[in-house]
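Inside the fold
Listed here are the chains, written in short residue letters.
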Amino acid sequence: KGVRVAILGATGLVGQKILEILAEREFPVRSLTALATEGHGRTVRFRGEEIPVRGVESMDWSSVDVAFFAASTEASRTYAPIATAHGVTVVDKSSYFRMDPLVPLVVPEVNMDAVGDARLIASPNCSTIQMVVALEPIRREYGLKRVIVSTYQAVSGTGREAMETLTKETHEVLEHHTVIPTTYPTPIAFNVLPYCDKFGDDDYTGEEWKLTRETQKIFRMSLPVSATAVRVPVYISHAESVYIETEKSFEVSSVRELLAHSPGLRVVDDPAQGVVPIPLDAADQDLVLVGRIRRDLFVDNGLHMFVVADNLRKGAATNAIQIVESLLSRWA
Ligand code: 2RA
């Protein structure tokens, strides 16, 4: 029988990843409709076949069962209500509905129970997903008092063009023996930018507030999460330095053991042997890598860890597909 699937934003980085991972995981696709808000008329490849990309405005939503939305917040705002009104289950990667109290915000390893019978489900921001997968076991076992996180986010988080900019600037620096690319003051090559997304008037960025608010919604608690989101010259995988204060005391060895047996995680933590989580190892797979697990030197129940994941896969495409896979098993 299989599932009639649509992807809105099929030509984007995440849309392409969804196509790749649906095939890789042998998701039971009965039919696949590739949609775009513009640039339709192109084709995408799925399981070796060229699929035409159609304009979403003329979509007949009664022809699909599940839709992955991987386009703009505007596109989600406009088309998710139409699709769900036709009985389509929509998993939306955009931020538009994430904080809507009627829309579950879901990471399968953490809060699949939040889905209920919702037809519209929001997938969190990539940096939130990897952090809550690593925090959840600690929350359950030791309780969380507060979190402080600094992110080191790959340029693919803002799309293909940002990746091309990193390449161009890197060539410019290496070929012209300059350290200041012409894109100064916001070069990303051989630099870090201490912000992702736009600043609010509270001197925090949207990306930082996403980490705070989305984590609070997912954990259903007003957990203090203070974030600094930083862009780094990496193509794929976000890295995060996470500081946690727990309610209960812990042994680091027990925390490492707990994480090693928790879903969606791989502990990569033997610094003396140079074994630490890095973006190059996290890219092109779906586990969240955790390492540098160590007690804080000065604060009781303070714990540090370094969390790395592929921002296009577990941070977006795979998380959305895992949500639907869990639903399929419920519908079976
Ligand atoms: C970023 N997480 O990295 C945001 C959106 N994907 O830019």
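Residues numbered from 1 in each chain as written. Predicted model: local features only at pLDDT ≥ 70, side-chain atom pairs only at ≥ 80, totals over all residues. Heavy atoms only, no water.

Per an unreviewed UniProt entry, the recorded name for the protein chain is Aspartate-semialdehyde dehydrogenase, and the organism is Sulfobacillus thermosulfidooxidans. Quoted straight from UniProt, the Catalytic activity (unreviewed entry) entry for the protein chain says "L-aspartate 4-semialdehyde + phosphate + NADP(+) = 4-phospho-L-aspartate + NADPH + H(+)". Checking UniProt for the protein chain, the heading Function (unreviewed entry) contains the comment "Catalyzes the NADPH-dependent formation of L-aspartate-semialdehyde (L-ASA) by the reductive dephosphorylation of L-aspartyl-4-phosphate." (UniProt positions renumbered as here; feature names shortened; annotations may be inferred.)

**So, the sheet that holds strand S7 (residues 120–122)**
Spatially, S3-S4-S2-S1-S5-S6-S7 is the arrangement adopted by the seven strands of the open sheet, whose pairing is mixed. The two strands at the open ends of the sheet, each matched to only one other strand, are strand S3 (43–46) and S7. Each adjacent strand pair in this sheet contributes to an overall mean axis angle of 25°, direction not counted. Pairing between strand S1 (residues 3–8) and strand S5 (residues 66–69): four bridges, direction parallel. Residue pairing in the sheet places valine 5 in a bridge with valine 66 of S5. Helix-sheet contacts for helix H2 (residues 73–85) involve S1, S5, strand S6 (89–92) and S7, and the interaxial angle to S5 is about 175°. (Pairing = 2+ DSSP bridges. Helix = DSSP H or I, 4+ residues; strand = E, 2+ residues; numbered from the N terminus. Axes fitted to C-alpha atoms, helices over the stretch in contact; angles between N-to-C directions. Contact = heavy atoms within 4.5 Å.)

**What to know about the nonpolar core**
In terms of nonpolar packing, the biggest core is built from 53 residues, with Trp61, Phe69, Leu135, Ile138, Val242, Val290 and Met305 touching the most fellow members. Looking at this core, the element that brings in the most residues is helix H4 (residues 126–142), giving eight residues. Those residues in contact with isoleucine 138 that sit more than four places away from it in its chain are Gly143, Leu144, Ile244, Thr246, Val255, Leu258, Leu259, Leu303 and Met305. In terms of nonpolar packing, the next biggest core, distinct from the first, is built from 43 residues, Ile7, Ala10, Val29 and Ala317 among them. (Core = buried A, V, L, I, M, F, W, Y, C linked by side-chain atoms within 4.5 Å. Buried < 20%, exposed > 50% of the residue type's maximum accessible area, 1.4 Å probe, protein only.)

**A closer look at the environment of isoleucine 218**
The topology assignment puts isoleucine 218 in helix H6 (residues 206–219). Judged by relative accessible area, isoleucine 218 falls into the buried class, the value being 2%. Here the alpha-carbon distance between isoleucine 218 and asparagine 111, two residues 107 residues apart in the chain, equals 6.8 Å.

**Structural notes on the site of the ligand**
In the vicinity of the ligand, the residues found are Asn125, Cys126, Gln153, Gly157, Thr158, Glu207, Arg231 and His238. In the environment of the ligand, a nitrogen atom lies 2.9 Å from a nitrogen or oxygen atom belonging to the backbone of glycine 157. One of the side-chain N or O atoms of arginine 231 is found 2.6 Å from an oxygen atom in the ligand. Protein contacts shield 83% of the accessible area of the ligand, which totals 230 Å² for the unbound molecule. Of the residues assigned to the shell around the ligand, the class counts are one nonpolar, five polar and two charged. (Near = heavy atom within 4 Å. Polar contact = N/O pair within 3.5 Å; in protein donor to acceptor, adjacent residues only side chain to side chain. Areas by Shrake-Rupley, 256 points an atom, 1.4 Å probe, with all protein chains shown as cover. Nonpolar A, V, L, I, M, F, W, Y, C, P; charged D, E, K, R; others polar.)

**What about a nonpolar patch on the surface?**
A cluster of nonpolar side chains, namely Val179, Ile180 and Tyr184, defines an oily patch on the protein surface of about 360 Å² accessible area. Counting through the fold element by element, tyrosine 184 comes out in the loop between helix H5 (160–176) and H6. Since its relative accessible area comes to 56%, tyrosine 184 is described here as exposed. (Patch = residues over 30% accessible without salt bridge, like charges linked within 9 Å, V, L, I, M, F, W, Y side chains within 5 Å. Salt bridge = Lys/Arg side-chain N within 4 Å of Asp/Glu carboxyl O.)

**Re the packing of aromatic side chains**
Under the counting rule described, the total for this entry stands at six aromatic pairs. Here tryptophan 61 and phenylalanine 69 contribute two aromatic rings whose centre-to-centre distance is 5.9 Å and whose plane-to-plane angle is 35°, an arrangement assigned as tilted. By relative accessible area, tryptophan 61 is classed as buried at 3%. A residue is classified by how much of its surface remains accessible, and phenylalanine 69, at 1% relative accessible area, is buried. Centre to centre, the rings of tyrosine 142 and phenylalanine 250 are 6.0 Å apart; their planes meet at 70°, and the pair counts as edge-to-face. In this pair, tyrosine 142 sits in helix H4 while phenylalanine 250 sits in the loop between strand S10 (238–246) and helix H7 (252–260), placing the two residues 108 residues apart along the sequence. (Phe/Tyr/Trp six-rings, centres within 6.5 Å; stacked < 30°, edge-to-face > 60°.)

**Thoughts on the environment of lysine 314**
Its place among the elements puts lysine 314 in helix H9 (residues 313–331). Counting along the chain gives 184 residues from lysine 314 to glutamine 130, while the straight-line C-alpha distance between them is 7.4 Å. Once you skip the residues sitting within four places of it in the chain, lysine 314 turns out to touch Val107, Pro108, Glu109, Ile129, Val133, Asp286, Val288, Asn319 and Gln322. A polar contact is formed between the side chain of lysine 314 and the side chain of glutamate 109, at a distance of 2.9 Å.

**Notes on the side chain of glutamate 136**
By secondary structure assignment, the location of glutamate 136 is in helix H4. For glutamate 136, a relative accessible area of 3% corresponds to the buried category. Among the polar contacts made by the side chain of glutamate 136, one reaches the side chain of arginine 140 at a distance of 2.4 Å. The residues contacting glutamate 136, other than those within four sequence positions of it, are Glu109, Val110 and Phe219.

**Brief notes about the pairing of S10**
Of all nine residues in S10, eight are buried; the element is thus mostly enclosed. Bridge analysis of strand S8 (residues 144–153) against S10 gives eight bridges, and the strand direction is antiparallel. Within the sheet, the bridge partner assigned to leucine 144 lies in S10 and is threonine 246. Pairing of S10 with strand S13 (residues 302–309), which is carried by eight bridges, proceeds in the antiparallel orientation. Directly across from histidine 238, in S13, lies its bridge partner alanine 309.

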